[in-house]
Amino acid sequence: MKNIPVAAMLGLLFTGLYFLAAIFAPLLAPYGMAQIVGDVWEPSSSRHWLGTDSIGRDLLSRMIYGGRTTIFIATAATLLSFLTGSVLGLIAAVIGGWVDQFLSRFIDLIMSIPTLIFALVILSVMPVTIPILILVMGLLDSTRVYRLARAVAVDINVMDFVEAAKLRGEGRIWVIFREILPNALSPLIAEMGLRFIFAVLFVSTLSFLGLGVQPPQADWGGIVKENKDGIVYGIPAALIPAIAIATLAISVNLVADWVLNRTTSLKGGRG
Amino acid sequence: MHPVVILIAQRIALGVLLLFATSILIFVGTLILPGDVAQAILGQSATPQSLANLREEMGLNDPAWQRYFQWLRGVLQGDLGSSLSNQRDIATQIGARLGNTLFLAFWAALVAVPLAIFLGLLAVRYRDRWPDKLISGFTLASISLPEFFLGYVLIYFFAVKWRWFPSVSTIYDSMSFWQKLDAIVLPAAVLTLVILAHMMRMTRAAILNVMQSAYVETAELKGLTTFDVIRKHAFPNAIAPVVNVVMLNLAYLVVGVVVVEVVFVYPGMGQYLVDHVSKRDVPVVQACGLIFAAVYIGLNMIADIVSILANPRLRHPR
Amino acid sequence: MTEDTFLKVRDLKIGATAYPPGEPPKWIEIVHGVSLDLEKGKVLGLIGESGAGKSTIGLAAMGYGRGGVEISGGEVWINGRDILSGSPRELRRLRGSEVTYVSQSAAASFNPAKKIMEQVIEASVRHGKFSRSEAEKRAVSLFDKLGLPDPETIGERYPHQVSGGQLQRAMTAMALCPQPDLVVFDEPTTALDVTTQIDVLKAIKEAIADTGVAAIYITHDLAVVAQVADDIMVLRMGEKVEYGSTEQIINAPQEEYTRALVSVRSISHEEKPPTNEPLLSVQNVTARYRGTNFDVLHDVSVDVHPGQTLAVVGESGSGKSTLARVITGLLPPRDGMIEFSGRTLSPTLAGRTREDLRELQMIYQMADVAMNPRHTVGTIIGRPLEFYFGLKGAEKKKRVKELLDEIEMGDGFLDRYPAELSGGQKQRVCIARALAAKPKLIICDEVTSALDPLVADGILKLLLNLQKREDVAYLFITHDIATVRAIADSIAVMYQGRVQRYGAKSTVLSPPFDDYTDLLLSSVPEMKLGWLEEVIETRRMTSAGN
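Note that this is a predicted model, so its numbers are computed, not measured.

Time to look at the environment of Phe202 of chain A. Residue and element names in this part refer to chain A. Positionally, Phe202 belongs in helix α8 (residues 172–208). Given 25 C-beta atoms within a 10 Å radius, Phe202 is considered buried. It is 22 Å that separates the C-alpha atoms of Phe202 and Pro236, two residues lying 34 residues apart in sequence.

Here we come to unusual backbone geometry. The step from Pro511 of chain C to Pro512 of chain C runs through a cis peptide bond, and the omega angle for that step is 0°. With respect to the helices and strands, Pro512 of chain C occurs in the loop between α19 (505–508) and α20 (515–523). Even without glycine at this site, Arg280 of chain B takes up a positive phi of about 55°. Along the polypeptide, Arg280 of chain B turns up in the loop between α12 (269–278) and α13 (282–310). Even without being glycine, Glu408 of chain C reaches a positive phi, approximately 60°. Inspection of the secondary structure puts Glu408 of chain C in the loop between α15 (393–406) and α16 (423–436).

A few words on the domain arrangement of chain C. Residue and element names in this part refer to chain C. Domain assignment breaks chain C into domain 1 (5–262) and domain 2 (280–510). Its C-alpha centre places domain 1 at a distance of 37 Å from the equivalent point of domain 2. Of the residues lining the interface, eight residues belong to domain 1; the matching set on domain 2 comes to six residues. At the level of secondary structure, the elements contributing two or more residues to the side of domain 1 that touches domain 2 comprise α7 (194–211) and α10 (256–262). A class-by-class count of the residues in the side of domain 1 that touches domain 2 yields three nonpolar, three polar and two charged.

Attention shifts here to the UniProt feature "domain: ABC transporter" (unreviewed entry) in chain C. Annotation from UniProt places "domain: ABC transporter" (unreviewed entry) at residues 7–262 and 280–521 of chain C. In this annotation, residues 280–521 of chain C is assigned 40% helix and 24% strand; the end-to-end C-alpha distance for the span is 26 Å.

Another point: the sheet that holds strand β2 (residues 26–39) of chain C. Residues and elements named next belong to chain C. Read across the open sheet, the four strands follow the order β2-β1-β4-β5; overall the sheet is antiparallel. If you trace the sheet from one side to the other, it starts and ends with β2 and β5 (81–82), each paired once. Relative to strand β4 (residues 69–78), strand β1 (residues 5–18) runs antiparallel, the two being bridged by eight bridges. Within β4, the residue paired with Val9 across the bridge is Val76.

With that settled, the discussion passes to helix α9 (residues 220–231) of chain A. Residues and elements named next belong to chain A. Here α9 contains twelve residues, and its C-alpha end-to-end distance of 16 Å stays within 8% of the 16 Å for a straight helix at 1.5 Å per residue. Taking burial as the measure, the twelve residues of α9 include eleven buried ones, the bulk of the element. Within the sequence span of α9, burial applies to Trp220, Gly221, Gly222, Ile223, Val224, Lys225, Glu226, Asn227, Lys228, Gly230 and Ile231.

Moving on to the interface of chain A and chain B. Taken together, the 36 residues of chain A in the interface contact 40 residues of chain B. Broken down by secondary-structure element, the contributors of at least two residues to the side of chain A that touches chain B are α5 (115–123), α8, α9 and α10 (239–268) of chain A. Broken down by element, the residue count for the side of chain A that touches chain B peaks at seven residues, all from α10 of chain A. For the side of chain A that touches chain B, the residue count by class is 28 nonpolar, seven polar and one charged.

Here the focus is the UniProt feature "transmembrane region" (unreviewed entry) in chain A. Residues and elements named next belong to chain A. UniProt records the feature "transmembrane region" (unreviewed entry) for residues 6–29, 71–96, 116–140, 194–213 and 233–260 in the present numbering. Taken end to end, residues 116–140 is 76% helix and 0% strand, and its two terminal C-alpha atoms sit 9 Å from one another. With 75% helix and 0% strand, residues 194–213 has its two end C-alpha atoms placed 22 Å apart.

With that out of the way, let us pick up the sheet that holds strand β9 (residues 231–236) of chain C. All names here are of chain C. If you trace the six strands from one edge of the open sheet to the other, you get β6-β7-β8-β3-β9-β10, paired in mixed fashion. Each edge of the open sheet is held by one strand with a lone partner, namely β6 (99–102) and β10 (239–245). Adjacent strand axes in the sheet meet at a mean angle of 15° when their direction is disregarded. Pairing of strand β7 (residues 182–186) with strand β8 (residues 214–219), which is carried by five bridges, proceeds in the parallel orientation. Within β8, the residue paired with Asp186 across the bridge is Ile218.

The next point concerns the confidence of the model for chain C. The predicted model of chain C has a mean per-residue pLDDT of 88, with 97% of residues at 70 or higher. The ipTM for the predicted assembly is 0.84, set against a pTM of 0.82.

The next thing to look at is helix α14 (residues 377–389) of chain C. End to end, α14 of chain C covers 18 Å across 13 residues, agreeing with the expected 18 Å (1.5 Å per residue, within 8%). Considering bend angle alone, the principal kink of α14 of chain C is centred on Arg383 of chain C and spans about 25°; proline Pro384 of chain C follows within four residues of it. Among all positions of α14 of chain C, only Val377, Ile380, Ile381, Gly382, Arg383, Pro384 and Leu385 of chain C are buried. Elements in contact with the buried residues of α14 of chain C: α7 (160–168) of chain A together with α15 and α16 of chain C. Taken from the residues just after α14 of chain C, Gly390 of chain C is the one with a positive phi, measuring 65°.

Residue and element names in this part refer to chain A. When pLDDT is averaged along chain A, the result is 85; 95% of the residues meet or exceed 70. The element-level mean pLDDT for chain A is lowest in α10, coming to 76, with α7 highest at 93. Predicted confidence is poor over residues 265–271, with pLDDT under 50, and the contacts of this stretch with residues over four places away or in other chains come to six contacts.

Residue and element names in this part refer to chain C. Pairing of strand β11 (residues 280–287) with strand β14 (residues 335–340) involves five bridges; the strand directions are antiparallel. Opposite Thr286, over in β14, you have Asp335 as the bridge partner. Relative to strand β15 (residues 343–344), β14 is paired through two bridges, and the arrangement is antiparallel. In the strand pairing of β15, Phe340 is matched with Arg343. Following β14, the chain reverses through two residues before pairing antiparallel with β15; Ser341 in that reversal takes a positive phi of roughly 55°.

Residues and elements named next belong to chain C. For Asp514, the location among the structural elements is in the loop between α19 and α20. What makes Asp514 partly exposed here is the crowd of 14 C-beta atoms within 10 Å. For Asp514 and Val9, which are 505 residues apart along the polypeptide, the C-alpha to C-alpha distance reads 49 Å.

Right, let's get into the packing of helix α10 (residues 214–221) of chain B against helix α11 (residues 226–263) of chain B. Residue and element names in this part refer to chain B. For the pair α10 and α11, interaxial distance at closest approach is 10 Å and the crossing angle is 150°. Here α11 runs roughly antiparallel to α10, going by the angle between their axes. Crossing hand, α10 versus α11: right-handed. Residue-level contacts link Tyr215, Val216, Ala219 and Glu220 of α10 to Val229, His233 and Ala234 of α11. Considering only residue class, the contact of α10 with α11 consists of five nonpolar, one polar and one charged.

Basis of the calculations
- Residues numbered from 1 in each chain as written.
- Chains lettered and ligands numbered in written order.
- Predicted model: local features only at pLDDT ≥ 70, side-chain atom pairs only at ≥ 80, totals over all residues.
- Helix = DSSP H or I, 4+ residues; strand = E, 2+ residues; numbered from the N terminus.
- Buried ≥ 20, exposed ≤ 12 C-beta atoms within 10 Å, placed from the backbone.
- Domains from an automatic or database assignment.
- Contact = placed C-beta atoms within 7 Å.
- Nonpolar A, V, L, I, M, F, W, Y, C, P; charged D, E, K, R; others polar.
- UniProt positions renumbered as here; feature names shortened; annotations may be inferred.
- Pairing = 2+ DSSP bridges.
- Expected span 1.5 Å × (residues − 1).
- Axes fitted to C-alpha atoms, helices over the stretch in contact; angles between N-to-C directions.
- pLDDT = per-residue confidence, 0-100.
- Bend = angle between axes of the 7 residues up to and from the residue.
- Parallel < 35°, antiparallel > 145°, perpendicular 65-115°, else oblique.
- Left-handed = near helix turned anticlockwise from the far one by under 90°.

Right, dumping it as structure tokens:
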């Protein structure tokens, strides 16, 4: 852990800060989430560091609470997609046969519709609540995790050391958890970072389109939507949450890149 | 018959099958899930009697499969039904908007594809040197940015601060071609940026793969000039993966278009879809979803067919 | 140095920049100051194990560094010019015209999208040596000389439409077509089966003699290079070990290392007579892979006796590895049965008892993928102890240490990961893992073929010692007759899924032979001068591969 490159260090730092801010939002935010405290679109001042929003709420407070919502939804959706995707992927790879065929063809079918379009189709009939958002995002995104987990596990499954374990008489549990999983973990963890970013972007996009988190609840995509009209008057309030999304995404990306590099170099070793 | 013809026929058949399955999925997705179209139209305050009447009128009491085949028959005949919110014919409404969306996507692709291939080649040429690092840094930034962020940044600077382009890209039929082009400069730029990074990175990987192959080394050891090595040995083998990359990214463009149209209030398919999702106008959502999926499946199919055509092993079997 | 010396290498230093994770990049020297001379029309053999720098030196004769490798010092003179000080343009004029190259894998070195002829004549035409039609004529005559079938039309085919051995010859034609002064052959026969290798070797040798070209012949197999080279340079870890005439190197090696290379595979093993009761008896086994419609094994019957070694030899595609899969239960046979330790084994893996599995262990060809890279050596060897005997804690650790001693590695390796071991050490750990189960039979699938000759020798000696001590039987699958001679008690020769010849070692290896066994046995290069000519004279059947 000593030789963390600067980029990964910065990534870790910012990711950590964002998560801490999300957890301690009520303690950090100077005003309430929906509290109207000033005029419309006040510029930044000592009272309101980031100014106020389209109806006079403190933008910093909304950003902090919004981050909490966005990060919570993204984390929950990522965990859901990971759990479903990797469990199904590993099962398909190890069992093979018709189970694999059935799961893989079904996933192919779901992936033949662009994720955003599919989500919109479903959200057109479902009530838009946070649990539903998490469920829809998590399940749709689990298709990608499934593909990766299956591909990685299929590669490992045909390796001689797995065959050696099977010839020894080891059960499926040992083969999956002791032989395959430790070798599949690092690409999966790196992928987890990318999936998290995707979830952040996805939920923000939905909220921006007005189909995600519903007002007055704050979230980053929603804050952009609320303040987008200001842009035309030269008020950059809508850009602030967008910058937050971008920095969070870049930070997580840097960490994921580092995890991936670290593990690939470990694999290489001495040939 | 030549095996390539058979493979391509199989791939096309698969595409059609996939499209068919997709239509089922979209239909099932909108009708079996909780929530009811009749309820959605009439709202929470509707009386049970009026709900029942509406259900009867819309055929909602028929079994799902019957409704599906009715819908499918309509779709196949170009009849997409009529909108719940304003009772207008969906096909005619989509017609004009689809044209607008394709107009926007076409110009974005026209700029993005050559630029991405050029930059990808540049990254390969200066591999691990600063142009490559700059390009990969740009890629990292761009996959981390939401499309609407790029949109508003461009509006903020180019439309509001410097006033070079309009901030809202309204277009209508009576506009001249150049007026239309002027209106879509900003959204097309955003779309270009959105797919550029991915396309560049994938192009770089595809070309590097070819450049590191043993036959390119053989060509170098024949004393050919770099230009000849690329033209005669790398290029013929790189076409297929690059076309593949381009097609996959154009498919991605389909998704990017939705958000960008909303940002720029552009009268296209994406805007139309999003509007009607909030109105819970199911027939419109189904129709739009099917069209987006068809474009996406079609582009993926073209990518696969190009790979089949470009594979010398398949073209010249033993 | 004489008038005829046209290649002169002086104090050549080559290196590459390495990027170790988490550390600053550092310069690593691969070749440390090598000098050599080559006269017109002569062949110089460069020999060494992997990492000796032989290919790197060969490519340096073309002023080329592969994948980030850079020539950092010294001189390479060709026809009186130092090519290292020349411009890129001068280098281009040299490559493909004065010096050409034949790689190990012709299959990868041909552009899949272009016809063979186009690629063969490309350099000649580009450098203006011949007109297109002249070059084509020349190519056809080279195809003919190199023994390619249908020399008139083979050039119209695409690379994937001809076999590996043919492609290797086509690449030799490609190298000879522009009438170069020097051809660099980089392990041109290593990827081929033995019976194919001998034909390609002969074709190359005759082509060199006919065209009067000089050649650098790179290989790890001293017996091969002895057939074609006039001089030999032995390399080790980027340094010259010995440099002399082929005769001197083979018959009177001066250095310890050279002597070891010359005497490699000289292990002798006294053949034991078969017992009454075989340990493993494979009876009339026929097998095919799922989803295919042809049998890979036809009616195969062999026995392995307790404490003895049965060697199964054959070329790729002979079905020898399939036989191992059938015996282990990974591929249930279509017909026939397997008896082991006096009981009938279930055809499927799932149907076998833990005792069946324990007594029948397996060692693989590629040791680095046969061990879980995330497990330590201690875990790898300890798992069978725990699994079969329920050993835990200190008891298990003690036994692991004993096993490490048995494979001649200390207990310092307990906490190492496979990536930290050398190739030979990895294979030893795999042997220890098999031994840990106290098996009666170990199936060894090409266990030495991925290793350098000296390391392979060490592994074979270890296996023989272990057999003496533990009384374990081996079913030894290999394509290498020398290995078979070294360790077998009985031999089964396999060809196209059938047992071609089977019996005690002395019987199988003595005449009269059937045609295939004759071909196989005679194709194995011997460490003596003039062997190639002798064989070509006397053998009955040509290459089985094509």
